Every structure is written in structure tokens, then in C-alpha cells.
Amino acid sequence: MRPTLAMRGLCKSYATPVLDGIDLDLLPGEVHALVGENGAGKSTLSRILAGLTPPDSGTLELEGEPYSPSNKRAAEQAGIHLVMQELNLIRTLSVAENIFLDHLPHRAGWIRYPQLHRDAAEVLARIGLPHLDPQTPVEQLGVGQQQMVEIASRLWRPCRVLILDEPTAALTDPEVASLFHQIRQLQSQGVAILYISHRLEEIRQIANRISVLRDGHLVATRLATELPIDDVVRLMVGRELGTANFTAGRTRGPIALAVRNLHAGDRVQNISFDAFRGEILGVSGLMGSGRTETVRAIFGADPIESGQIFLHGNTQPATIRSPRDAVRLGIALLTEDRKGQGLFLSLAVRENLTVNTLPSFASAVGWISRIRETASVRGWLQKLQVRCDSPEQGIAQLSGGNQQKVVVARWLLRDCDILLFDEPTRGVDVGARFEIYQLLADLAAQGKCIVVVSSDLTELMMISDRIAVLSNGRLTAEFTRHAWTQDKIMAAALSGYLSPTTTP
Amino acid sequence: MNRPAPHPVPSRSLPPASRWPREHLGTLLALAALVLVFSLATRHFFSPANFRTIANQIPSALLVATGMTYILLLGQIDLSVGSVLALSGAVVGVALSQGHWPLPAAALAGLAAGALCGAFNGLVTLRWRLPTFIVTLGTLEMARGGAHALTHSQTLYLGSAIESLADANVLGFSLPFLIAITVVLAAQLLLTRTVFGRHVIAIGTNPEAARLAGINTRPVQLAVFVSTGCLVALAALIDCSRFQAANPNAGIGLELQAIAAAVIGGTSLMGGRGSVVGTFIGVLIIAVLNSGLAAVGAKEELKRLITGAVIIAAVIADLYRHRRP
Amino acid sequence: MNRYPSLALLTCLALSFFTACGPSQPEATTPPSPPNSPTRPRIALVMKSLANEFFLTMENGAKAHQKTNASPYDLLANGIKDELDVTRQIDMVEQMIAQRVDAIVLAPADSKALVASCKKAQDAGIVVVNIDNKLDAAVLAEKKTQIPFVGPNNRIGARKVGDFLASKLQPGDPVAVIEGAPNAFNGQQRRQGFVDAFDAAKLRIVSSQSGYWETDKANQVAAAVLSEHPEIKAFACANDSMALGAVAALRAAGKAGQVLVVGFDNISAAHSMIQEGRMLATADQHADQIAVFGIEYALQLLATRAAPADRETPVDLITPTP
């Protein structure tokens, strides 16, 4: 059978290769599941197919013809549609207007609403939402229905390839069922469907073939019937282990942070764990599993619904209603979005470093001693080996790794001893990552309590003493250094999605 | 899920700590050029008497623009300053002319009115997380209404009850000018040398990062709103004293004038960047323009055309100055 | 961070929007007459800004007249928010036409732009009387219509003030005029009156600039004129608010009492200043009576349907009482 879409030798690099020589065929009328760890390259591949990112090298063929979309519109005209994880709807417009946004039926610019609503109702009926009024504003819908509308807005077009990136993340079971029904219908019309998900259970139900991506390589493409779930997990994780070990020379101290039955929004459900001085606790989990939300809730950045946080072995729970409370209690959060939430990009290194410790350089009336401030900044820059010209250099001019060190210095200067790191090496190039790992290890050795959230399992296994695994907003497993394997951690990260009713 | 993009390691460095003379070089040159042009074009522009006249005209604009600079530094905006000026003036006027209060008591009442308006702006903005644009637009109308209600839409004559303030003078400079200069210097030092000022800059640069750094952002913001109200009230007091009258129509369009002065002086509307000294230069540029164009005898439409062009030119110049090559 | 992109633009847009829309309902001070009293004439008084003391006085005078007048009538008094908001005033006149009032007494915000609306009212059988600011004769002629003007002769009033000022000066003395808004006929008339007086007395006018009726603007202009022409002997201002600004400029320059200032309108603040010797003189055009004269004339026209003719109201020179 001639493939609908054939990929040959696709490569894409950013700092490091993200996709390396991908050869993959999508056959007409098949549901092809694409699985892989965070950062394995799934999203990049789908973006290339949909015309959002050009590949560095390699070719695409659509039904035998060369295919190189210059943008999303070109891809859609060729019949290749991508439904992304993030919703792309315009919340203030109606369902019908969203579905036909770029093809509104009109006469001389005046929208023909009767036709629009008739067409939209037809599309909605096809996708299993016959009762949804096309005139409803999208913002009045639940996330699940919004996701369905997003899919509907793709489905009415001539379609040869449909790429679904985590389509069921926000859907309820009946919605998933009607989506699958729709997928099977498209399948019978000969549409090739690339289905990206880490919900292996669903993949079992719907996929004909499964491809596994690992670190930018396509490690396997098999018929779904020939590939048990355990094998999928093993293929995703691979066999190579990180060789470096940053845990030497430290001993676990007393308990510093105890979280009990924490609830905050959908993504933090009944989380409990302990973290100790002199150790690094890694927090693993897939994208959207609630890792970031958990540390933000502990830090008081987002409101907590229920649950308790005990600090330094106290029997009374701590009151943390705002980041200010958390900082006073010695907790620091280094956010994953360093530029958006951590740095003051237009200010100097000095100002970034001392922003929350200014009173310690100031007289009683708030007059800052610039000499003492600069001296202290210089000391920390040296201690953490930050490469910059002077404390007055703009922080935006530093590399990601050095920026991260400045943020770390900010909290060390504040004398925080519980440090929550969310993706500490995001935006840090490979060479500098090891410096950050060493810094984390040094901090733990000095008796700090370190919690590291990371998408990079290899990274966590190099630096952590223990790893807690979140899945679908719940803590599903906790491993010590000697007990963990990549397979076990990956299985735990997926377990929350296998059956929605399971509780850890 | 992509791998992180590489991050370039630049090698250039910013100018050293004492940034401000260089920072304001452009605007100072523009100011000098304007003075030069008007000195050549008219007979008496370049004279101590004329400079003294200009100096005595700017205090109220300077005070309001200083407050506005802080508001803009926070990434906020205050459209109500003109109306609040009229309201504070009305309070002073009514207290003096109808209540026959002593001047200090009337002045305090005016300051309190300004502070209350500022507090109202700040509290409503922070409590309901509304854009200050909308909140202060509402206050603009309310304060103007209040000023008219208090004065029954009449310009209140205050006469000698208040003129002592504007007429007091040291070395040829009026008391209001000296007050305004003191406020500018204090505000600049507060901004660059104190914890409070640094927190204002941090909040204006990145409010979320400031919150996550553990800074208590609300009191800082509220303090800025209230101080701005007080500065506007002080400007109202000075205006009352200059004109010996409280006019309920005073200060119409003052908000745009203050924003223009700050922007000319290099303050960013996005927050986090700007300086009071820059605003001072901006106020001077506008005052010199007004005075010079009037001395030349230019028509009002030409004055507006030129003032508008100067504002736009200043913003474009600022863009080039801060664009990374 | 980017919460307010292109804020300056937005500001201007929002402000112009705000002033353009204004309050959508006229502030009717008397409810429209009940339908069961058809004989009582309904008179609409449309003024400029009620935020201006002058028009407030005018309105109060009209209200007092309405209460005490022998033959009863209903009064609908309206003002606009901003003196320069011509559009709003046109809307208001048209609203009055729609309400089928019997007469409209109008103080136009613009001497040309309001003519068309007045013509429309006349065509609808409404008596129109123009007060305060005279409609432009050329435009009236072009529209082939006649609208009676009842009000002070601003030129003669300004001439009186100017003559009094000239009597305190020597021929050849330099003086300056601070004009009103250039689009207002009464402003032009007052300027002309001052010029008539100064020419007659052979004074030298070294500067004549607009202060746009505002204290602050007039203050800037006066200060600039003072430093450019230090020899100046007097300022003639087209209204009292601007005279306040000129007086402040004199004080700031240390010339209080050495340079004479005259104004126009006799607002209470100016009145006090004249008594204290800070201003020399002003003109009183009896704001409280202008509207009354207009209303009385409208009633008369309604009763007699006589051919309309202009009527002049008195303007008095106000000088310090000895």
C-alpha cells in the first residue's frame, strides 16, 4: 500500500539534536500511535508535519508528491491538520464561528449566519455533539467540550492526515468514546491519523501501529497487537543509564519539609511526601502531571484547597498563604519559566540578585548602602562562579546557566534552606548543566533541603537521592536510589492514566 | 517538549552604576538646542528674568509629573491627576473662603483629599485587580464632579489668604519651585537608593517575579498611589496660591501633559524603566517649548503641532537608545 | 509586563470618546409640561458649559424669572459638559426640536456650526432666539434666515473697558491682548473692542495671542510676553479667568501693581481682585439677565409673531468702588 505521508531522514536540532533521521510511513486508514518520553521529539515531529517548523534536513512525501509546507495554512490546504494540546479557540466567539473561523460563509463581507449555524450543527452532530448549540460562546463550555470543538474545527475540512497531540488530556470518558468513534469513521474514509499520547490504555484501544521515539530516534515501529505495554515502556526508556553520580559525600539530615494530603486544583490531588536536609528529592512525571503545580502550591504561589505543610519537624502546620509567607519561612522557589517569573530582564545582575534581601543592606529608613550591596553580590558571583563582566551587567546578557546561578544566589543570600527547583536546567546548555548539578549537590552537602522537578529522567537519576513520581495529579510512587529503574519510574508516571479511578 | 534553545553568551556590558548623566544626554542636548533656538529667535528669551519666570511656572507640573513617573514605573497609569488637582484645590478653596480655616489646616485638608483619591485608585485597582486605566478614568470624572459640587462651579477667590506661599522667595526662586526641586531630588534618591524604590522598579519590571521573590507588592503599590495623590494635592495648593483662586476647571488635560513629560524623559509606559530626573528634564522641555513659542508669538495650533512632534520624536529617540545593536 | 501596550494612543482615544459621548440625557431642570396644559408655552434654554460660572449664573437668573414671571411658562434648561463640545450642543437643539418646544433660547458654542440646527428649528415652527454669542451673519445670510440676537454688544463692552484702561496710560505705551478661543465670535468681538480703544488712544499693541479662555494657558502666554516685552504696561484679557492667569504671571515676575490688567465678565474672583487693586477693571454683561431678556423676547415673539429684530442688552464697566 502506498503511504499517505512518508517521512525520510527527518532531522531537527536546537541546542542538541531533537530529531535524528526519522523514517516513518503513515498509511491510509491507519491510526498510528506515537509515544515517547518528554523531550523525545514527538511534538517537534508533529510541528514539522503541520508546517509550523521546517526540518533541518530530510524530505516528506504526500501521496507520492514532494511535500514541504511553509506554514500551517499550506499544510492544511494539502489536507494535513494538527490539533494541538493547547486550545487555539477564540473564547469570546461562538462555537460555529470558531469552527469556520477562516472560512466564514459570507456575502460581500456580511456573514451568513443561518448557513454558518446549519453547517456547524452538521459538523457537531458528526463528532457526537448533536445537542451543542452552535451559537454558544466557547468560553461557556467546559475544557472537554472545547477540545471537541477544536477537533471539530479540523474535521470538516478535506483531510488526508490528522495529527492529534494528546487529544484526550481534558476529556471525560463519554467524550473519549465519541472521539474514538469519530476517529474510526475517518479511518474508514482512508484518513491517516497520527495519534500522540502517553495514555497507553487508549493506544491499545485505538491504534493499529505504534512507533516509539527516544531521544530523537525512532526506536521501533510495530503492529499494536505485537507490542505489549511493558515492551512499550521499555522501548521508551531505553537501556542506557546516566553514568555520572552527584550524590557522593553527603548524609541525610533531619526532616525539613513534610507535605500531607495536599489538594490544589485538578492537578494536585492528595499529595503527601517528606523531604530532608542534606538530600535531593527528585520529582518526576509526564508533562501536565502536576509537578509544577505541586511546588507552586507549597510555595504559596497558587492557593491551596486543603492539606498541611510541616516545616523543620514542627508539629504545627505552617501557614503559607503567599510567596511572602513561604520566603519568610525559608522556602525558595526557582520557577521553570525563568524569564517570565524569575528574572527582571531589563535590570542588572546586582539588582536581580538582591531584590528580596535589600533590607539587609539598608539602614533603618531604607537607605541602601551600595558599597555593601555590591560587595556581597561580588562575593556570591565568585562563590557560584557566575561568568559575567561585572555586577552591573544586564542579566539578559548572561547565558541561561549563569542566569540560573544568579537566581540561586538570590535565594542563598536570603538564607533559604528549603529550595524548590522547577526545571533547573531548562534553557541551560549541556556543558553548563553539569555545573548546575554540582551546585545542587554542594547545596545538599551543606545541609540544604533540595527538591528538584524535572522532565529529564536521566538528570533526576544522576542527582537525586530519592525520586517521587507524579501521574495525573497524584503521587503514584516513590523510589530510593537503589530501588529505581527507568522502567519502573516510567511505568509509575504512566500509571495514573491507565485507569482514571485508581488511587495510589 | 522541545529541547531548550541555545542561549547566546554575549560579551558586551552595560554602562557602570552612575548611569544617569549619559542616560539623559539626549534629552539634555534637546533642551539646550531649544534654549539656543529661542534665544536666537527672540530678544529676551535668554535672560535671568525669563528663566526665573519659567522656573516659577513649572512647580505644579513638576510635582504631578513626579508622581506620574512613579505610577508609570509600576507599569500603571493615573488619568485622574488633573481632576484630583481641581478637587484638592476646591477643598483648599472652600476651607479658606467659606470655612475661614487657617492656611495650614486648609492645606492639610487639601492634602488629605489628594491622598484619599490616591488611596481610592490604589485600593480599587489592587482589590479587584482592575486595570488602572479604567479605575482612574472613573476617578477622573468623579473628582471633577466633586470639585464642581464643592465650588458650585464658581472660581473661588482666595486673595491674600494664600498668596504668601507662592510669593515667598529665596534667591529669586519662589518657594513652590524650591519645594518642587526638593521633591524631585528626594524622589530620585528614593528611587535609586532605597529599598522602596528598588521594589517599585522590580514590581514594574516583572510583577510576577517580584511576587514570587517574596516581595509584598500591594503596600508598595498602594504607597505609590497615595503619594501621587499627595503630590497632586501639593500642586493644587501651589496653583491656588499662584492664581489666588480655586478653579473647578483647573488641570484639564494635565494627565496627558504629565505622561508626556515622563515619556520625553525616558520613562517607559511598560513599567520598570524611568527616572525622576528624566521627567524633570521632560517638564523643562515642555515648559521651554511653551514659553519660547509664546515669546515668538506662535499660534496655538502651531504650539500643539510642535509639542506633539517633540513627544513622538522623544519616544523614537528612546527606542534607538535602548535597542540592542 | 506588557499590560498597557500603546497606552498613549488608548488614552487619547478613550478621552476623546469620553468627552464626545458625555451624558446622554440633557439635565432637564423642569419636567416637560403635562399634556393637559397646552396653553403654557414651553421654552428651551440651551447654554454652553454649566461648569462655567457665567452660564450657571445665567441659568439661575432664568430659573428665578420662570418662578416669578406673571404669565407662566415651562423652562427646560440644558447645558453641555464641555464648552467646546459643539456636536453635543447640536444634538441638544435637535432633541428640543423633537420635543416640540415652542421656543429655543440658545447660547451657541460655535457661531457658525449651530446655524443649520437653528434653521431646522425655525422650519419646524419654533421661535429661536440667539443670546450671548452672536451667530455668524454670513452663514445666516447664506441659509437665508434671520435669527434675532438678544445680548450684549461685546465689542462695545470691551471698548468701554479698553477706554478706561487707556485713560490710565500714555500714548505710545506698549500693551498686550490675551484673546479668547479664536473660533468664538464673542472672543473676536472683545478683541476688536480692545483694539478700537487702544488705536483711539494711540497705544502700541505688542502682542495679541489666544489664552483659550483658560487661566493656565493665559498665565503661560502672559509670562512669556512679560519676559519678551519687559516694558509692557497693560494686559487686556478677553475674560476674567485669563485675567487671573495674567495677574499670577505679574506676581511671579515681581511686577504686581506695575502692570495693569483688565478682564471681562465680572466673575466673583475678578470682582474681589478689582476691589483689592490687583485688577483695574472688567465688564459686567449681567449674565443673570441675558437669558431672561432672551426668554422675555421669545415670549413676546410667541404672543405677537412679530418680525424678529436684534436687541441689545446693557454692558457695564466695573471699576473699584471708591
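## Details of the interface of chain C and chain B
Turning to step 1, where the next piece is worked out: Each partner contributes to the interface: chain C provides 45 residues, whereas chain B provides 54 residues.
Turning to step 2, where the next piece is worked out: Carbon and sulfur atoms make up 54% of the surface buried where chain C meets chain B, a total of about 4,100 Å² over both sides.
Turning to step 3, where the next piece is worked out: Taken together, the connections running from chain C to chain B amount to zero salt bridges.
Turning to step 4, where the next piece is worked out: Applying the counting criterion to the chain C and chain B interface returns 15 residue pairs in polar contact (both at pLDDT 80 or more).

## Here we look at unusual backbone geometry
Turning to step 1, where the next piece is worked out: Its identity is not glycine, yet Asn472(A) carries a phi of approximately 55 degrees, on the positive side.
Turning to step 2, where the next piece is worked out: Residue position: Asn472(A) is located in the loop between strand 20 (466-471) and strand 21 (474-480).
Turning to step 3, where the next piece is worked out: Here the phi dihedral of Ser153(B) falls at roughly 60 degrees; this positive angle occurs in a residue that is not glycine.
Turning to step 4, where the next piece is worked out: By secondary structure assignment, the location of Ser153(B) is in the loop between helix 7 (132-151) and strand 1 (156-157).

## A closer look at the sheet that holds strand 13 (residues 255-264) of chain A
Residues and elements named next belong to chain A.
Turning to step 1, where the next piece is worked out: As summarised here, the arrangement of the three strands in space is 14-13-16, forming an open sheet in which the pairing is antiparallel. Strands at the two margins of the open sheet, each flanked by one partner only, are strand 14 (268-276) and strand 16 (306-311). Pairwise comparison of adjacent strand axes, ignoring direction, gives a mean angle of 5 degrees for this sheet.
Turning to step 2, where the next piece is worked out: Sheet topology places strand 13 next to strand 14; six bridges connect them, and they run antiparallel.

## Focus on the packing of aromatic side chains
Both the distance between ring centres and the angle between the ring planes are used here to describe each pair of aromatic rings.
Turning to step 1, where the next piece is worked out: Applying the stated criterion across every chain yields a total of 12 aromatic pairs over all chains.
Turning to step 2, where the next piece is worked out: Each ring, one from Phe299(A) and one from Trp411(A), has its centre 6.2 Å from the other, and the planes form 90 degrees; the classification is edge-to-face. Here Phe299(A) is found in helix 9 (residues 291-299), whereas its partner Trp411(A) is found in helix 14 (residues 400-413), with 112 residues between them in sequence. We note that Phe299(A), like Trp411(A), is buried.
Turning to step 3, where the next piece is worked out: Geometrically, the ring pair formed by Phe434(A) and Tyr437(A) is edge-to-face, given 5.4 Å between the ring centres and 75 degrees between the ring planes. Taken together, the residues Phe434(A) and Tyr437(A), both in helix 15 (residues 430-445) and three residues apart, mark about one turn of the helix.
Turning to step 4, where the next piece is worked out: In this structure Tyr437(A) comes out as buried when scored by relative accessible area, which is 3%.
Turning to step 5, where the next piece is worked out: Members of the aromatic cluster, each reached through a chain of ring pairs, are Phe38(B), Phe45(B), Phe46(B) and Phe51(B).
Turning to step 6, where the next piece is worked out: Cation over ring: Arg252(A) sits above Phe276(A), and NZ or CZ is 3.6 Å from the ring centre.

## Considering the confidence of the model for chain B
Turning to step 1, where the next piece is worked out: The pLDDT averaged across chain B works out to 87; a share of 92% of its residues lies at or above 70.
Turning to step 2, where the next piece is worked out: Taken together, the stretch residues 1-18 of chain B has pLDDT below 50 and engages in 55 contacts with residues farther than four places along the chain or on a different chain.

## So, the environment of Asn472(A)
Residues and elements named next belong to chain A.
Turning to step 1, where the next piece is worked out: The class of Asn472 is partly exposed, set by a relative accessible area of 31%.
Turning to step 2, where the next piece is worked out: For Asn472 and Ser495, which are 23 residues apart along the polypeptide, the C-alpha to C-alpha distance reads 8.5 Å.
Turning to step 3, where the next piece is worked out: Those residues in contact with Asn472, other than ones at most four positions away along the chain, are Ser289, Gly496 and Tyr497.
Turning to step 4, where the next piece is worked out: Separated by 3.2 Å, the side chain of Asn472 and the backbone oxygen of Gly496 make a polar contact.

## A few points about the arrangement of the chains
Turning to step 1, where the next piece is worked out: Ranking by contact count across two pairs of chains in contact places chains A and B at the top.
Turning to step 2, where the next piece is worked out: The two units chain A and chain C remain apart, with a minimum C-alpha distance of 9 Å.

## Let's talk about the packing of helix 8 (residues 160-167) of chain B against helix 12 (residues 217-243) of chain B
Residue and element names in this part refer to chain B.
Turning to step 1, where the next piece is worked out: Closest axis-to-axis distance for the helix 8/helix 12 pair is 7 Å, and the angle between their directions is 105 degrees. The angle between helix 8 and helix 12 falls in the class roughly perpendicular. On helix 12, the residues that touch Ile162, Glu163, Leu165 and Ala166 of helix 8 are Leu237, Cys240, Ser241 and Arg242.
Turning to step 2, where the next piece is worked out: The class makeup of the residues in the contact of helix 8 with helix 12 is five nonpolar, one polar and two charged.

## Remarks on the domain arrangement of chain A
Size of an interface: often given as the accessible area lost when the parts come together.
Residue and element names in this part refer to chain A.
Turning to step 1, where the next piece is worked out: Domain assignment breaks chain A into domain 1 (5-237) and domain 2 (255-498).
Turning to step 2, where the next piece is worked out: Looking only at domain 1, the three residues that lose the most surface to domain 2 are Asn38, His198 and Val237, adding up to 45% of its buried area.
Turning to step 3, where the next piece is worked out: The tally of links between domain 1 and domain 2 comes to zero salt bridges.
Turning to step 4, where the next piece is worked out: Summed over the shared surface of domain 1 and domain 2, the result is zero residue pairs in polar contact (both at pLDDT 80 or more).
Turning to step 5, where the next piece is worked out: Elements with a minimum of two residues in the side of domain 1 that touches domain 2: helix 7 (200-206) and helix 8 (229-237).
Turning to step 6, where the next piece is worked out: For the side of domain 1 that touches domain 2, the element with the most residues is helix 8, which contributes four residues.

## Here we look at the side chain of Gln76(B)
Residue and element names in this part refer to chain B.
Turning to step 1, where the next piece is worked out: Position of Gln76 relative to the elements: it lies in the loop between helix 4 (59-73) and helix 5 (81-97).
Turning to step 2, where the next piece is worked out: The exposure class of Gln76 is buried, given its relative accessible area of 3%.
Turning to step 3, where the next piece is worked out: Separated by 3.0 Å, the side chains of Gln76 and Thr132 make a polar contact.
Turning to step 4, where the next piece is worked out: There is a polar contact of 3.3 Å between the side chain of Gln76 and the side chain of Gln221.

## Quick notes on the state of the cysteines
Residues and elements named next belong to chain A.
Turning to step 1, where the next piece is worked out: This structure, assessed with the given rule, holds zero disulfides over all chains.
Turning to step 2, where the next piece is worked out: No disulfide involves Cys416; its sulfur sits 12 Å from the nearest other cysteine sulfur, which is in Cys449.
Turning to step 3, where the next piece is worked out: Among the residues examined, Cys416 registers a relative accessible area of 0% and is labelled buried.
Turning to step 4, where the next piece is worked out: Cys449 gets classed as buried once you look at its relative accessible area, which sits at 0%.

## What about the side chain of Glu97(A)?
Residues and elements named next belong to chain A.
Turning to step 1, where the next piece is worked out: When you line up the elements, Glu97 lands in helix 3 (residues 95-99).
Turning to step 2, where the next piece is worked out: Lacking a salt bridge, the buried Glu97 has Arg91 as its closest oppositely charged neighbour, with an N-O distance of 13 Å.
Turning to step 3, where the next piece is worked out: Reaching out from Glu97, the side chain makes a polar contact with the backbone nitrogen of Ser94 at a distance of 2.9 Å.
Turning to step 4, where the next piece is worked out: Residues within four places of Glu97 in sequence aside, it is in contact with Leu104, Tyr113 and Leu116.

## A word on the pattern of salt bridges
Residue and element names in this part refer to chain A.
Turning to step 1, where the next piece is worked out: Considering all chains together, one arrives at 38 salt bridges over all chains under this definition.
Turning to step 2, where the next piece is worked out: A salt bridge links Asp417 to Arg277; the shortest N-O distance between them is 2.9 Å. Here Asp417 is found in the loop between helix 14 and strand 18 (418-422), whereas its partner Arg277 is found in the loop between strand 14 and strand 15 (279-285), with 140 residues between them in sequence.
Turning to step 3, where the next piece is worked out: On the basis of relative accessible area, Arg277 is assigned to the partly exposed category, the value being 24%.
Turning to step 4, where the next piece is worked out: Put simply, Arg291, Glu336, Glu423 and Arg426 are held in one network by salt bridges that share partners.

Basis of the calculations
- Residues numbered from 1 in each chain as written.
- Chains lettered and ligands numbered in written order.
- Predicted model: local features only at pLDDT ≥ 70, side-chain atom pairs only at ≥ 80, totals over all residues.
- Heavy atoms only, no water.
- Contact = heavy atoms within 4.5 Å.
- Buried area = accessible area lost by both parts, 1.4 Å probe.
- Salt bridge = Lys/Arg side-chain N within 4 Å of Asp/Glu carboxyl O.
- Polar contact = N/O pair within 3.5 Å; in protein donor to acceptor, adjacent residues only side chain to side chain.
- Helix = DSSP H or I, 4+ residues; strand = E, 2+ residues; numbered from the N terminus.
- Pairing = 2+ DSSP bridges.
- Axes fitted to C-alpha atoms, helices over the stretch in contact; angles between N-to-C directions.
- Phe/Tyr/Trp six-rings, centres within 6.5 Å; stacked < 30°, edge-to-face > 60°.
- Buried < 20%, exposed > 50% of the residue type's maximum accessible area, 1.4 Å probe, protein only.
- Lys NZ or Arg CZ within 6 Å of the ring centre and 35° of its normal.
- pLDDT = per-residue confidence, 0-100.
- Parallel < 35°, antiparallel > 145°, perpendicular 65-115°, else oblique.
- Nonpolar A, V, L, I, M, F, W, Y, C, P; charged D, E, K, R; others polar.
- Domains from an automatic or database assignment.
- Disulfide = S-S within 2.5 Å.
- Lys, Arg positive; Asp, Glu negative; His and termini not counted.

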